[in-house]
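Okay, here's what each chain looks like letter by letter:
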Amino acid sequence: MSVPEGRGGAEPAGLVSRGIAALLDILVLALTGVSVQLGAGCARLLVAGPPFRMPALDGRIAGVIGWTFAVCYFGGAWAMTGQSVGGRLMGIRVGDRAGHRLGLPRALLRAALSVTFPLGLLWIPFSRRRAAVPDLVVAAAVRYDGP
């Protein structure tokens, strides 16, 4: 499915829509993480035998893995279609200011900033363009997906 190009006239998405999309994406990431841990626990059970135990990672290692996975999830989604799962459900799309897709480097930078500084969303109500801090850094825009 191709992404519509040149959607510069669509209305910018607001804080509530973007916040709900982010919460939905956090749920997707959390369920994926739990599924991976359950799979690893099942693999351990098959190899080592009972009892079933979930793998335990050091908190720093788990944090780095989680951060990396989240950046890849968001960056890949925004570069390919402009929409993460939460964005698709909320009807919003990430692109450049002209409405075109972000390239992979800009999408990954935006994702890294968004995951590292999620409170950057709080700039949206103060911005004329409803831009969060990561949007300002990479010259991106989040708009409602038009008909």
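Sequence positions are assigned chain by chain, starting from 1 and proceeding in written order. Owing to the predicted nature of the model, reporting of local features is limited to residues with pLDDT of at least 70; listing and counting of side-chain atom pairs is limited to 80 or more, with chain, interface and lining totals taken over all residues. The side-chain quantities take in all heavy atoms of the structure and omit both hydrogens and water.

### Section: the overall build of the protein
Put simply, DSSP H or I for four residues or longer makes a helix, DSSP E for two residues or longer makes a strand, and each gets a number counted from the N terminus. Regarding its fold elements, the protein presents five helices and two strands. Along the chain direction, N to C, the helices and strands of the protein fall in the order α-α-α-β-α-α-β. In terms of its C-alpha atoms, the protein occupies a principal-axis envelope of roughly 60 × 30 × 25 Å. Under the scheme applied here, a residue whose accessible area is under 20% of the maximum for its type counts as buried, over 50% as exposed, and between as partly exposed, the area being computed with a 1.4 Å probe on protein chains only. Taking all 147 residues of the protein together, the buried fraction comes to 32%. For accessible areas, the Shrake-Rupley method is used with a probe of radius 1.4 Å. Any residue's cover is judged against the shown protein chains and nothing else. When the accessible surface of the protein is totalled, it reaches about 8700 Å², and 72% of it is carbon and sulfur. We score Asp and Glu as negative and Lys and Arg as positive, and we do not count His or the chain ends. Charge placement uses NZ in Lys and CZ in Arg. For Asp and Glu, CG and CD serve respectively. Side chains of the protein give 15 positive and 7 negative charges; the mean places of these two sets differ by 2 Å.

### Describing the layout of surface pockets
One number sums up the size of the largest pocket: a volume of about 920 Å³. Lining the largest pocket are 38 residues, with Ile26, Leu29, Gly66, Ala70 and Phe74 sitting closest to its centre. Taken together, the elements giving at least two residues each to the lining of the largest pocket come down to α1 (15–48), α2 (59–80), β1 (92–96) and α4 (104–116). The element best represented in the lining of the largest pocket is α1, accounting for 14 residues. Only protein atoms enter the calculation, which uses a 1 Å grid: trapped sets of points that fit a 1.4 Å probe without letting it out are cavities, open sets showing protein on both sides within 12 Å along at least five of seven lines are pockets, and any residue with an atom within 4 Å of a point is a lining residue. Grid points are joined across faces, edges and corners, and a volume is the space filled by probe spheres set on the points.

### Describing a positive patch on the surface
Only residues above 30% relative accessible area that lack a salt bridge enter a patch, with like-charged residues linked at up to 9 Å and the nonpolar side chains Val, Leu, Ile, Met, Phe, Trp and Tyr linked at up to 5 Å. Basic side-chain nitrogens of Lys or Arg form a salt bridge, by our definition, when they fall within 4 Å of a carboxyl oxygen of Asp or Glu. A contiguous patch of positive charge on the surface is contributed by Arg97, Arg106, Arg128 and Arg129. With respect to the helices and strands, the residue arginine 128 is situated in the loop between α4 and α5 (133–138). Relative accessible area serves as the criterion here: at 84%, arginine 128 is assigned to the exposed category.

### Brief notes about the pattern of salt bridges
The tally for this structure, following the rule as stated, stands at five salt bridges. For the salt bridge of arginine 130 with glutamate 11, the shortest nitrogen-to-oxygen distance reads 3.4 Å. Taken as a pair, arginine 130 in the loop between α4 and α5 and glutamate 11 in the segment before α1 lie far apart in primary sequence, 119 residues in all. You can call arginine 130 partly exposed: its relative accessible area is 31%.

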